[in-house]
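Descriptive analysis of the structure
Below, each chain spelled out in residue letters.
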Amino acid sequence: MNISKLEKPRFIEGHDIRLHNYNYHVDVESADRLMDRWKDQGERLAKIESLIQSEDHYWCQTLQSPLPLPYSDEVKANGGIRQSSSNETYEYKRDLRGIEIKGLVVDKHYTSIHYSYFDFSTFDKCRFEFSSNKDMFFFKNSLNNTKFTGCSFKNGWFFEGEMVDSIFYDCDFEDVIFNANSIEKSNYRKIVFINCKFKKCDLSKVDLSSCIFVGDCSFESINIDAEDLNSFSAIGIEILKTIKIWDKEHWKNRKYIQSVTFPGVGEPIVNKMENGKVQPKSKNNIIIRMVYSGLIDFYEFAADKYDNQKGRGVFSRAHFVLSWLIDEKSSINNKLTTLPKYFISRWVAGYGDRPESPITAWLLSVALFAVLLGFSGIEIAEHTVTFFDQCSFNEVFTFYMKSLYFSVITATTVGYGDIGPSNGLSMALSALNAIIGMFLYTTFTVVMVRRLFR
């Protein structure tokens, strides 16, 4: 294991972003203060590293001697150990915020990092794997804004504590329980999983509705709370909105940059496009496409998991969101050509999972045709009447209700004959009203039957 000061991310205007992890609205100033306090603290960090590896529970005393480590904000005492001599409790203030930990291996009961604050810290290529009995990777730790890169977790728990605005990148999870022994799902939320693999994991105590999966993720036998899928919108929608806004603003500068070279020392070299050229639009929205790919993987798993009689409600919602995500991804760079298909699939047919979509479309259709027919003219008692013939609000309202009645009768192809079209335009509108009305009514019937007999 190696513990060192976390270096601030290098920021290239228009190409990269100054942040601790994925979170574009992270409080950069707070992160900087936490990292800066470790400047010239190499010896202290080396001593802390040695004491942690030797399971010395008093290592946090090192933070106070010989000179107190400056705090950007004081942490609260979290946990402690009872003194055998005085029977008093020594309270821990294990503040390791803003550091980088590399190569940590936890393969046995390991308690010296429990209760620690790892906010704005990173874990790189660490291994948390228990071969026999399950044990705790972390116990009541604060892991807010923490980043895990290339780490593996096997046969253990993230036990209570907090994990908010954190990210896992290229991590593997097998037989892992998140937020074990807790009923507060809000303590584990807004987590981003990028290119992660899950096998026999329990995510039921994570507020999954606020989390997001990005890139190439895989899922095998994971447990989730169906309530987190109790919506016809995707999980992590707030994070997705943030990414869309950032990507749109960022592209203004990024499109002029061909590449960035990191020589290892000094500042990165920014290679601009030649002769004022710009990157093709296909290079834009890269992150959004990765987000859609990860969410599609997740919803494919969720739809397959709940594709049974007992879970058909969850399946319908998962299948609807899955279809929406596929359409969203395909329409990123060609919205105009995909708009008709997108509109009919989602808002008219409800992807075959929402019977209320076609019936809502039908109601809106007959209301719209009532207005159009009212302006074009309808024949009542052998007289042509339009909105222009009405002199007061009451007359307009009364006439609209008659026009609406005619629109409904036409859309349902009943056709009593007491009201009819008066000219060529109203005849064309009436025919179109009947065609669209029957199409939507049939669509509603098909979706309803599909929902009932799935």
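We now turn to the structure provided with this report. (Residues numbered from 1 in each chain as written. Predicted model: local features only at pLDDT ≥ 70, side-chain atom pairs only at ≥ 80, totals over all residues. Heavy atoms only, no water.)

**Here we look at the overall build of the chain**
Basically, it comes down to this: Only DSSP runs of H or I covering at least 4 residues are called helices, and only runs of E covering at least 2 are called strands; the numbering of each starts at the N terminus. Positive residues here are Lys and Arg, negative ones are Asp and Glu, while His and the chain termini are left out of the count. Note on charges: their place is set at NZ of Lys, CZ of Arg, CG of Asp or CD of Glu.
Regarding its fold elements, the chain presents nine helices and 23 strands. Computed over 53 positive and 56 negative side-chain charges, the separation of the two mean positions in the chain equals 2 Å.

**Re the packing of aromatic side chains**
We count it as follows: Aromatic contacts are taken between Phe, Tyr and Trp rings whose centres are within 6.5 Å, Trp giving its six-membered ring; a plane angle under 30 degrees counts as stacked, one over 60 as edge-to-face, and the others as tilted. A 1.4 Å probe rolled over the protein chains alone gives each residue an accessible area, and that area as a share of the maximum for its type sets the label: buried under 20%, exposed over 50%, partly exposed in between. Only when the NZ atom of a Lys or the CZ atom of an Arg is both within 6 Å of the ring centre and within 35 degrees of the ring normal do we say a charge sits over the ring.
What the rule picks out here adds up to 45 aromatic pairs. With a centroid separation of 5.6 Å and an interplanar angle of 80°, the aromatic rings of Phe123 and Phe138 are classed as edge-to-face. Of the two residues, Phe123 sits in strand β6 (residues 122-124) while Phe138 sits in strand β8 (residues 135-139), which places them 15 residues apart along the sequence. Neither residue differs from the other here; Phe123 and Phe138 are each classed as buried. Both rings, one in Phe123 and one in Phe148, keep their centres 4.9 Å apart while their planes meet at 10°; by these two values the pair is stacked. You can see Phe123 sitting in strand β6 and its partner Phe148 sitting in strand β9 (residues 147-149), a full 25 residues away along the chain. What makes Phe123 buried here is its relative accessible area of 1%. The class for Phe148 is buried, based on a relative accessible area of 0%. Sitting over the face of the ring of Tyr306, Lys305 holds its NZ or CZ atom 5.8 Å from the ring centroid. Between Arg354 and the ring centre of Phe320, over which it is positioned, the NZ or CZ distance is 5.4 Å.

**Section: the pattern of salt bridges**
Two side chains bearing opposite charge may form a pair once their charged atoms approach each other closely. Under the convention used in this document: Should a side-chain nitrogen of Lys or Arg be within 4 Å of a carboxyl oxygen of Asp or Glu, the pair is scored as a salt bridge.
In this structure the tally under the stated criterion is 12 salt bridges. Among the salt bridges present, the one from Asp95 reaches Arg97, with a minimum N-O distance of 2.7 Å. Exposure class is identical for Asp95 and Arg97. Each is buried. Between Asp175 and Lys134 there is a salt bridge, and its shortest N-O distance comes to 2.7 Å. Taken together, the residues Asp175 in strand β13 (residues 172-180) and Lys134 in the loop between β7 (127-129) and β8 connect sequence positions 41 residues apart. Among the residues examined, Asp175 registers a relative accessible area of 24% and is labelled partly exposed.

**Topic: the nonpolar core**
Applicable threshold: Definition used in this section: a nonpolar core is a set of buried Ala, Val, Leu, Ile, Met, Phe, Trp, Tyr and Cys residues joined via side-chain atoms within 4.5 Å. Contacts are assigned to residue pairs that have any heavy atoms within 4.5 Å of one another.
Phe153, Phe158, Phe168 and Phe173 are the most contacted members of the largest nonpolar core, which has 90 residues in total. With 10 residues, helix α4 (residues 286-305) is the single largest residue contributor to this core. In this structure, Phe173 is in contact with Phe153, Phe158, Phe168, Phe178, Phe193, Cys196, Lys197, Phe198, Lys199 and Cys201, ignoring residues within four places of it in sequence. Listed in part, the 11 residues of the second largest apolar core include Ile378, Phe399, Phe406 and Ile419.

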